[in-house]
Amino acid sequence: MKLSFVYVLPVKTEFKYAIKDELPEVLNLAAEFGFKGVEYNIPNPFEVDFERLLRLTEDYGLRISAISTGSAYLEYGLTITHPDFSIREKALKFMRKYIEHASAHNSGVVVGLIRGRRNDRAVEEIAESLISSIKMLEDHCLNYNVFLLIEPLNRYETDYINNVEEALRIVEQTGNYVKLLLDTFHMNIEERNIRDAILRAGRNIGHVHIAENNRLPPGLGSIGWKNVVHHLYRVGFNGYLSLEALPRPSFKEALKQTAETLNPIIKGFQVEYDHSS
Ligand SMILES: [Mn+2]
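Residues numbered from 1 in each chain as written. Predicted model: local features only at pLDDT ≥ 70, side-chain atom pairs only at ≥ 80, totals over all residues. Heavy atoms only, no water.

Moving on, we come to the coordination of the manganese ion. Of the protein atoms, only Glu151 (OE), Asp183 (OD), His209 (ND1) and Glu244 (OE) coordinate the manganese ion, at distances of 2.0 to 2.2 Å. In the primary structure, the donors to the manganese ion are separated according to the pattern E-x31-D-x25-H-x34-E. A residue pair is termed long-range when its members are at least 10 positions apart, and Glu151 in the loop between β5 (147-150) and α7 (164-172) and Glu244 in the loop between β8 (240-243) and α11 (251-273) qualify at 93 residues. The class of Glu244 is partly exposed, set by a relative accessible area of 23%. (Donors = N, O, S within 2.8 Å, 3.2 Å for Na, K, Ca; no water. Helix = DSSP H or I, 4+ residues; strand = E, 2+ residues; numbered from the N terminus. Buried < 20%, exposed > 50% of the residue type's maximum accessible area, 1.4 Å probe, protein only.)

Attention shifts here to the side chain of Thr184. Mapped onto the secondary structure, Thr184 falls in helix α8 (residues 184-190). Here the side chain of Thr184 touches Ala211 through a polar contact of 2.6 Å, landing on its backbone oxygen. Apart from residues lying up to four places away in sequence, Thr184 is in contact with Ile194, His209, Ile210, Ala211, Ile223, Trp225 and Val228. (Polar contact = N/O pair within 3.5 Å; in protein donor to acceptor, adjacent residues only side chain to side chain. Contact = heavy atoms within 4.5 Å.)

One pass over the structure, following the stated rule, counts 10 aromatic pairs. Between the aromatic rings of Phe5 and Phe35, the centroid separation amounts to 5.7 Å while the plane-to-plane angle is 85°, which identifies the pairing as edge-to-face. Of this pair, Phe5 sits in strand β1 (residues 2-8) while Phe35 sits in the loop between α1 (15-32) and β2 (37-41), placing them 30 residues apart in sequence. Overall, Phe5 belongs to the buried group, its relative accessible area being 0%. Assessed through its relative accessible area of 2%, Phe35 is described here as buried. Between Phe94 and Tyr98, the ring centres sit 6.3 Å apart and the planes meet at 75°, which makes this aromatic pair edge-to-face. Taken together, the residues span about one helical turn, with Phe94 and Tyr98 both in helix α4 (residues 85-102) at a distance of four residues. The pair Phe94 / Tyr98 is uniform in exposure class, with both members buried. Pairwise contacts between aromatic rings join Phe5, Tyr7, Phe35, Tyr40 and Phe251 into one cluster. (Phe/Tyr/Trp six-rings, centres within 6.5 Å; stacked < 30°, edge-to-face > 60°.)

Another point: the nonpolar core. Core analysis: the largest hydrophobic core is formed by 80 residues, its most contacted members being Phe5, Tyr40, Leu148 and Leu241. In this structure, Leu241 is in contact with Met1, Lys2, Leu3, Ser4, Val208, Ile210, Val229, Leu232 and Ile266, ignoring residues within four places of it in sequence. (Core = buried A, V, L, I, M, F, W, Y, C linked by side-chain atoms within 4.5 Å.)

What follows deals with α4. Taking 1.5 Å of rise per residue, the 18 residues of α4 would be expected to cover 26 Å, and the 25 Å separating its terminal C-alpha atoms lies within 8% of that figure. Every buried residue of α4 is listed here: Arg88, Ala91, Leu92, Phe94, Met95, Tyr98, Ile99, His101 and Ala102. (Expected span 1.5 Å × (residues − 1).)

Another point: the pairing of strand β6 (residues 178-183). For β6, the buried fraction is high: six of the six residues fall into the buried class. As defined by bridge partners, β5 adjoins β6 across three bridges and the pair is classed as parallel. Across the sheet, Leu149 pairs through a bridge with Lys179, a residue of β6. As for the winding sense of the linkage, the β-α-β connection from β5 through α7 to β6 is right-handed. (Pairing = 2+ DSSP bridges. Right-handed = clockwise from strand over helix to strand, strands pointing away.)

Right, dumping it as structure tokens:
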């Protein structure tokens, strides 16, 4: 298992500005703390100088662990289940571009908020819409060797797919290019317990977001990280644990805090489970 962190690229800020000032410093620090990946949350995949981003990331010895898409929903209101077909088409166009970007390191594209909200629709109706949109992306995923990552989100953030069980139903009806993204913060709210949720998701886990029960970085809350890492290894997961926490007391401190909490735990289990490193 490897550490990663989510980095949200700015929407309206000059991209050059962000790259010049903050990002290299963050990448450098993360690499120093033993992180191996970075997950970019990209508001508009057509407006990002992706080649440059990729080169910069690789310059620091890091890989792109996933591409997250929540800001395309927050910024443009795009969803792949939107009742307005033209908006849905635009969201799918964004998804195809995200998939192309994610192919740089054969990682995954997150299907979180971009899957849309149920609102007054029946569950069956939105499920049908989501499944058909996902199937429209199947060829692109297979051609580019990229996964789609369905992320259950807690009830306060969405009214559709709140837990592992609901996400598994989508995987069952699509294919093995669709995996689960488990987020410890959301699991802590929605699952009976995190261990059982991990065991239930099993081989379908493609990516993991890590944060405490209070959204702080690991070590500043009450989640049992040894338990989490152990059960992820038990089901054969050997991918990224990607930090998605509040940047408190600061982004840099959050990276350090995460590394200090998780590096020893991962190392402890590596001898037993991780034969890839
Ligand atoms: Mn998440």
